[in-house]
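Coordinate inspection notes
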Amino acid sequence: MKYAITLLRTLVFQRKAQTLSMSSAVHENVKNYYGSRLETSDDLQTNAACVMPSRPVAKGACEALKQVHPDVCKRYFGCGLVIPEKLEGCTVLDLGSGSGRDCFVISKLVGESGQVIGLDMTDEMIVASQKYVQYHQEKFGYSKPNTVFVKGYMEKLSDAGIQNNSLDVVVSNCVICLCPDKRTVISEAYKVLKEGGELYYSDMYASKVVPDSFKEDPVLWGEGMAGALYWRDLIALMKDIGFSTPHMVAGSHIVVHNPELQKKTGDVKYASGTYRIFKLPQNSIKSKALVTYKGTVPDSADCFEFDASHSFKTNVPVEVDAEMAAILKNTRFSTDFNITMLDTPDPNQSETPQYCHLSPFLLADKLGSSVKQCSKTGH
C-alpha cells in the first residue's frame, strides 16, 4: 500500500515537472514569436487576426475603437473583439493584452470610475502598450489614467498583484490557445472573478483533438494551432472548474494561408469562437423563470443579443432555463430584467445536455462568416 502511494506521488510529481518544463519552453517560444518575430498582424500565417465578428459590434465599442491610436491597432494579434456589454464602472482584466488595443477600447467603455488591467508576459508588448496610456487618457478626457499594464503569467495571477474575488470581468483575445496549461489559466480566472463575474473571451478552437506532434512545432505554437483546444473539451473544462455552461457569442472559420502549415495540420480545421461564461453562486436557481428585458443595456434599447441562442426583446416576456435565470439574476445584468421564478423545476438540470449549438464551426457555417480580408481597426 505504501509503495502504491509513493509511486502515485512520484507520477504526480513527474507530471507536474513535465507540465512546468513544457510551459516554460512554450512561454519562451511565444515571447519570441510575438515580441520579436511578428511586427504586425499581417505577419500571421492565418486570417485569425482579421476574422469579422459574426454579429454586429455595439455602437459604443465601434466608436471607442475609432479613437484607439493606429499604431496600437497595427500590432493587434487577436481573433475577435472581446467587448461585452454594460461595462460602466467595472474592473476588467485582459489576459494577454498585447499591444493594448482591447484594453483601450474597454478603457473608454468602463469610464473614468472603472479600471482596466492589461496582463502580458512579453517585455516588448508591455513597453509598447504603456507608451499610449497617457494618449488615451487625454483622448477620452479623463483626469487620470484608468488603465495599467503589468508583466505576468496567466497561470500565476497573484504574482502579478491580481487579487482573488476582485474583478467584474475577465477578457482574453486569442491568447489562451498559446498556453499549454489551460486548466490552470481558467482556474486562475475563476479565482480572481467576483461572484457573478464574467469570463468573456475569444480563442482558436480545433475540430478535433490536436495531435501531440503539433506541439513540437514552434510555428504551430506561435500561430495558436498547436495549443488550440478541441471545442467540446472547453465545455467539460469550464464546468469542472465551477463556471457556468459556456454561451457562444460568435464563431468564424480560420483560414490557413501558408501551404506548409496547411500540410502540417492536415484534416484539423480551426475556428475562432467567442464565449461568455459566468461565476455563479454555488446554490444557484434550479427552476425556470419568466424574464422581461427592460431595454436598459447600453446600445441595446430594442433588443439585447445575449449570445447566438438568446435574444431578449424589450418588454417581451421570455421563459428561460434555470441556468440562464441564475445568470440574469446574479450578474451585472440583474437590474436590466424583471425576473419571475416559475414553480416547475428545470428538467434539463438532471439530463445530459447536448452541446452542438456551442460549436464555433456550426455557427460559422450557419452565418457564412469565413473571411480573408477585413479592417483590423476602426480607422
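Residues numbered from 1 in each chain as written. Predicted model: local features only at pLDDT ≥ 70, side-chain atom pairs only at ≥ 80, totals over all residues. Heavy atoms only, no water.

Between two aromatic rings, the relevant description is the distance of the centres plus the angle of the planes. Scanning the model with the defined rule gives 13 aromatic pairs in all. Aromatic side chains Phe278 and Phe306 sit 6.0 Å apart centroid to centroid with 20° between the ring planes, which places their arrangement in the stacked category. Taken as a pair, Phe278 in strand β8 (residues 270–278) and Phe306 in the loop between β10 (303–305) and β11 (311–313) lie far apart in primary sequence, 28 residues in all. Like Phe306, Phe278 is buried. Summarising the aromatic geometry, the rings of Phe304 and Phe333 are spaced 5.2 Å apart at their centres and angled 45° between planes, so their arrangement reads as tilted. (Phe/Tyr/Trp six-rings, centres within 6.5 Å; stacked < 30°, edge-to-face > 60°. Helix = DSSP H or I, 4+ residues; strand = E, 2+ residues; numbered from the N terminus. Buried < 20%, exposed > 50% of the residue type's maximum accessible area, 1.4 Å probe, protein only.)

Let's shift gears to the confidence of the model for the chain. On average, residues of the chain score 84 in pLDDT, and 79% of them reach the 70 mark or higher. Low confidence marks residues 2–22, where pLDDT is under 50. Its contacts with residues over four positions away, or in another chain, come to 4 contacts. Predicted confidence for residues 34–38 stays below pLDDT 50, and this span has 20 contacts to residues more than four positions away or in other chains. (pLDDT = per-residue confidence, 0-100. Contact = heavy atoms within 4.5 Å.)

The strand order across the open sheet built from 3 strands is β12-β9-β13, with neighbouring strands paired in antiparallel fashion. Edge strands, defined here as strands with exactly one partner in the open sheet, are β12 (317–320) and β13 (337–345). Between one strand axis and the next, the sheet turns through 25° on average, direction left out of account. Taken together, the 6 bridges between strand β9 (residues 287–293) and β13 define a ladder with antiparallel strand orientation. When the sheet's bridge partners are listed, Leu290 is paired in β13 with Thr340. Sitting on the sheet, helix α11 (residues 322–330) is in contact with β9, β12 and β13, with an inclination near 50° to β9. (Pairing = 2+ DSSP bridges. Axes fitted to C-alpha atoms, helices over the stretch in contact; angles between N-to-C directions.)

Turning to helix α6 (residues 133–140), a few remarks are in order. Burial in α6 covers these residues: Val133, His136, Gln137 and Phe140. One side of α6 holds all its buried residues, which, seen down the axis, span an arc of 105°. Opposite its buried face, α6 presents the exposed residues Gln134 and Glu138, each directed more than 90 degrees away. Where α6 is buried, its residues meet α3 (70–74), α4 (101–110), α5 (123–130) and β3 (147–151). Backbone geometry just after α6 places Gly141 at a positive phi near 75°. (Arc of directions from axis to C-beta.)

Owing to its 3.6 residues per turn, the α-helix brings residues three or four apart onto one side. Burial in α5 covers these residues: Met125, Ile126 and Ser129. Angular distribution of buried residues about the axis of α5 spans 100°; they occupy a single face of the element.

The next subject is the nonpolar core. Formed by 38 residues in total, the largest nonpolar core has its most connected members in Leu93, Val170, Leu199 and Phe243. Taken together, the elements giving at least two residues each to this core come down to β1 (91–95), β2 (115–120), β4 (167–173), α7 (182–192), β5 (193–206), α9 (231–241), β8 and α12 (360–367). Considering every element that reaches this core, the biggest residue donor is α9, with 6 residues. Not counting chain neighbours up to four residues away, the residues in contact with Leu199 comprise Val170, Ile186, Leu193, Met238, Phe243, Tyr275, Arg276 and Ile277. In this structure, Leu81, Val82, Ile83 and Cys103 belong to the second largest nonpolar core, which totals 27 residues. (Core = buried A, V, L, I, M, F, W, Y, C linked by side-chain atoms within 4.5 Å.)

Working note: a packed helix pair is described by the angle between its axes plus the distance between those axes. At a minimum axis distance of 11 Å, the contact between α4 and α6 shows a crossing angle of 30°. Of the possible angle classes, the one that applies to α4 and α6 is roughly parallel. For the element pair α4 and α6, the recorded crossing hand is right-handed. Across from Phe104, Ser107 and Lys108 in α4, the residues of α6 making contact are Val133, His136 and Phe140. Counted by class, the contact of α4 with α6 contains 3 nonpolar, 2 polar and 1 charged residues. (Parallel < 35°, antiparallel > 145°, perpendicular 65-115°, else oblique. Left-handed = near helix turned anticlockwise from the far one by under 90°. Nonpolar A, V, L, I, M, F, W, Y, C, P; charged D, E, K, R; others polar.)

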